[in-house]
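If you want the building blocks of each chain, they are given just below.
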Amino acid sequence: MRNSPEIASAATGHQRVIAIDGPAAAGKSTVAHLLADRLGALLFDTGALYRAVALAALRSGVSPDDEKTLSRIAADVQISIQPPSLRDGRHYDVHLNGEDVTWSVREPEVGAIVSRIAEHAAVRAALLPLQRKIASDGQVVMVGRDIGTVVVPDAGLKVYLDASTEERARRRFREGSGRGSTQGFEAVLDETRQRDAIDSGRQTAPLRLAADAVRIETDGVPIDRIVAEIEELARNRRDVAGTLFWPS
Ligand code: CDP
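What counts and what doesn't
Per-chain numbering applies: the sequence of each chain, read as written, is numbered from 1 onward. Totals for whole chains, interfaces and linings use all residues, but because this is a predicted model, local features are given only for residues with pLDDT of at least 70 and pairs of side-chain atoms are given and counted only at 80 or more. No hydrogens and no water enter the side-chain calculation; it runs on all heavy atoms of the structure. For each structure, a 1 Å grid was placed over the protein atoms alone; sets of points admitting a 1.4 Å probe that cannot get out are labelled cavities, open sets with protein on both sides within 12 Å along at least five of seven lines are labelled pockets, and lining residues have an atom within 4 Å of a point. Grid points are joined across faces, edges and corners, and a volume is the space filled by probe spheres set on the points. Secondary structure elements follow DSSP: runs of H or I of four or more residues count as helices, runs of E of two or more count as strands, with numbering from the N terminus. Every helix has an expected span of 1.5 Å times one less than the residues it contains. Burial classes: relative accessible area under 20% of the type maximum marks a residue as buried, over 50% as exposed, and values in between as partly exposed (1.4 Å probe, protein chains only). Each direction from the helix axis to a C-beta atom contributes to the arc, which is the arc of those directions. What makes two residues a contact is simply this: any of their non-hydrogen atoms within 4.5 Å.

Is there a simple way to think about the layout of surface pockets in this case?
Size it by volume and the largest pocket reaches roughly 740 Å³. Around the largest pocket, the lining comprises 38 residues; the ones closest to its centre are S29, D45, Y92, R106 and R172. The element that contributes the greatest number of residues to the lining of the largest pocket is helix α3 (residues 47–59), accounting for four residues.

Given below as structure tokens:
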């Protein structure tokens, strides 16, 4: 009985994956970082994968419309996302072919094209195996647009973080200014709207609220409260036998 297939598959399933999806600058990364810390889980921000491909495309002068070449880049480049090696405000390291590109992938030039690159089905397909592999490794908080709907539809907990467009643009503007970016508020607001439109309107894996996701509006809500709310949801999740997935 102990080794029955049902138990084996439950043990290797995705109950300990927490999927956090939502539009640009909804606070997903910050919330996920604090949550992963409290739960002792890995943090995996899948947006960094798309941003790394966008950076590689920019550097080699590939058009955001060239799906074939972009998908080759997505399949060939080495992207790794690891715990932070420096204490400079980063939540994780992003390496592209061995180079630390953690901050480069946050530059406005990357933000301006990343959604057009993420629209292509072939690019998304190339980035799927790595995401599914990380999901299978166990306790992980995964952040993105399609984690609960496509990447890990059987995640143990799905959260959809949202906030008004203006609030999200304000947050992104403050973040950028803090890092010395000269991008003005109107430009940030424009980019936020454009990315939302592309991410929600694309054919493949559009940004959607999964049917079984918990939606949390974050306008004016302190980060700590959001994290505490999600932690409580996670701590109360249990399997059919009553075993807690995230015991305190
Ligand atoms: O941090 P922010 O919310 O601005 O964006 P991000 O999570 O770094 O994602 C950058 C872009 O990558 C998004 O606007 C999407 O176009 C794309 N993305 C995606 O399509 N699917 C994901 N799972 C994650 C990101």
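Sorry if this is basic, but what is going on with helix α9 (residues 185–201) here?
Three or four residues apart is the spacing at which side chains of an α-helix point the same way, because the helix has 3.6 residues per turn. With 17 residues, α9 should cover 24 Å at 1.5 Å per step; its first-to-last C-alpha distance of 24 Å lies within 8% of that length. What α9 keeps buried is the set V188, L189, E191, T192, R195, D196 and D199. Relative to the axis of α9, the buried residues are bounded by an arc of 165 degrees and lie together on one face. Residues of α9 that are exposed and angled more than 90 degrees away from the buried face: E186, A197 and G201.

I keep staring at the environment of A57 and nothing clicks. Help me out?
Mapping A57 onto the fold places it in helix α3. For A57, a relative accessible area of 0% gives the class buried. As for A57 and A74, which are separated by 17 residues in sequence, their C-alpha atoms are 9.2 Å apart. If we skip the residues at most four places from it in the chain, A57 touches V62, L70, I73 and I117.

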